[in-house]
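# Results of the structural survey
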Amino acid sequence: MTARFDQGPWAAAGVQTVQPGVHRVPLPLPNDGLHAVNVYLLEDLDDDGGLVMIDGGWAIPEARKTLEEALAAIDRDPGDISHILVTHIHRDHYTHAVELRRLLGSRVYLGAGERPGLEMLDRLRSDQPVGSLRTLRAAGAGELADRIEGMDHGGYDPSVWEAPDRWLGAETLRFGDRELRVVPTPGHTKGHVVFLDERRGLLFSGDHVLPHITPSIGFELAEPGGRPLADYLDSLRLMTRYADARLLPAHGPVTDSAHSRVAELLGHHDDRLAGSLTALGEDTLDAHAVARRLTWTRRAVPFGSLNAFNQMLAVNETAAHLDVLVLREKVAVAFADGVNQYTRVR
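Calculation criteria
- Residues numbered from 1 in each chain as written.
- Predicted model: local features only at pLDDT ≥ 70, side-chain atom pairs only at ≥ 80, totals over all residues.
- Heavy atoms only, no water.
- pLDDT = per-residue confidence, 0-100.
- Contact = heavy atoms within 4.5 Å.
- Buried < 20%, exposed > 50% of the residue type's maximum accessible area, 1.4 Å probe, protein only.
- Helix = DSSP H or I, 4+ residues; strand = E, 2+ residues; numbered from the N terminus.
- Pairing = 2+ DSSP bridges.

### So, the confidence of the model for the chain
- Here the chain shows a mean pLDDT of 91. Residues at 70 or above account for 93%.
- Scored below 50 in pLDDT, residues 1-7 shows 31 contacts in the model against residues more than four places distant or in partner chains.

### Points about the pairing of strand 10 (residues 193-197)
- A large share of strand 10 lies buried, amounting to five of its five residues.
- Side chains Val193, Phe195 and Asp197 project from strand 10 onto one buried face, and the interleaved Val194 and Leu196 project onto a second face that is buried too.
- Taken together, the four bridges between strand 9 (residues 178-184) and strand 10 define a ladder with antiparallel strand orientation. Bridge pairing links Val183 to Val194 in strand 10.
- Where strand 10 and strand 11 (residues 202-206) come together, three bridges link them in antiparallel fashion. Each bridged residue has a counterpart across the sheet, and for Phe195 the counterpart in strand 11 is Phe204.
- Counted along the chain from strand 10 to the antiparallel partner strand 11, the turn is four residues long, and its residue Gly201 has a positive phi close to 70°.

### What to know about the pairing of strand 2 (residues 22-28)
- Of all seven residues in strand 2, six are buried; the element is thus mostly enclosed.
- Strand direction decides the pairing type here: strand 1 (residues 16-19) and strand 2, joined by three bridges, are antiparallel. When the bridges of strand 2 are listed, Gln16 appears paired with Arg24.
- Linking two consecutive strands that pair antiparallel, namely strand 1 and strand 2, is a turn of two residues; a positive phi of about 85° is found at Gly21 within it.
- Bridging between strand 2 and strand 3 (residues 36-42) involves seven bridges; their strand directions are antiparallel. Residue pairing in the sheet places Arg24 in a bridge with Tyr40 of strand 3.

Here it is as structure tokens:
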């Protein structure tokens, strides 16, 4: 699950030049345990000398000010941003991109798998995580779902939830002499994509591969469906089919090897699968009950010590792990009275 980690130098305002023409800029987040989201500025990619920006940030005034200051530090200005490539639909990545388009005329790109979530937002006129709440109720945590639903989610602002200019599939984008391979990586969300610059050995990984934490799985705006953890594990393995690259994540510092972090994340989920099976034991339980038997975050805190939002992530992640165990025929599941009940297979 996504958990708070100590704010380090990576989150401080400023510009880190990863390599000539590639700059990392942390933009602040409001009241968020992650503190910042990295956006990346790629220079001199077309005849007009425009900038391509990877991920947009959260649409708050502080993010806009920080971005303007970072652009000035590299002798550029916001009007130079011609294209914004967004890894996924979560508000800390997407909403500022839409705002910048409205102000600057930039073109916004988003993975095609995010379309159902965006269309649901338009229908419901609410930014509540409807899909995650339904998963929560099916996990036996109806009371927790009611509490989450009753919270203030910041209000729905249709101006920052507009459709992109272009929906992306598995394809290659070309900007000047730079090619960015778009790789769909469902798991964190259904439509998450990463951008791979194979020539320069750079992976702009969004929330798919993070250096310090494991991303939440299946935190969706749209209807629940599929097996988000199974999709995520497949998406992690997919990264090893490409040559290793420097990891340029959305949260945390740039690191030298995407492959090494992928191996750690796969190992982590192997451990959590084993732990979930042990926590289930010989009982028949819903995912909420199993989650309460596990510890959470790198500090191994009990479930009851988490706030309501992180309890939701914990329960839904537990359900995702149990569903993978069902696929592996180690656990059986039965649906009764709106709740999935899991039993170990002997």
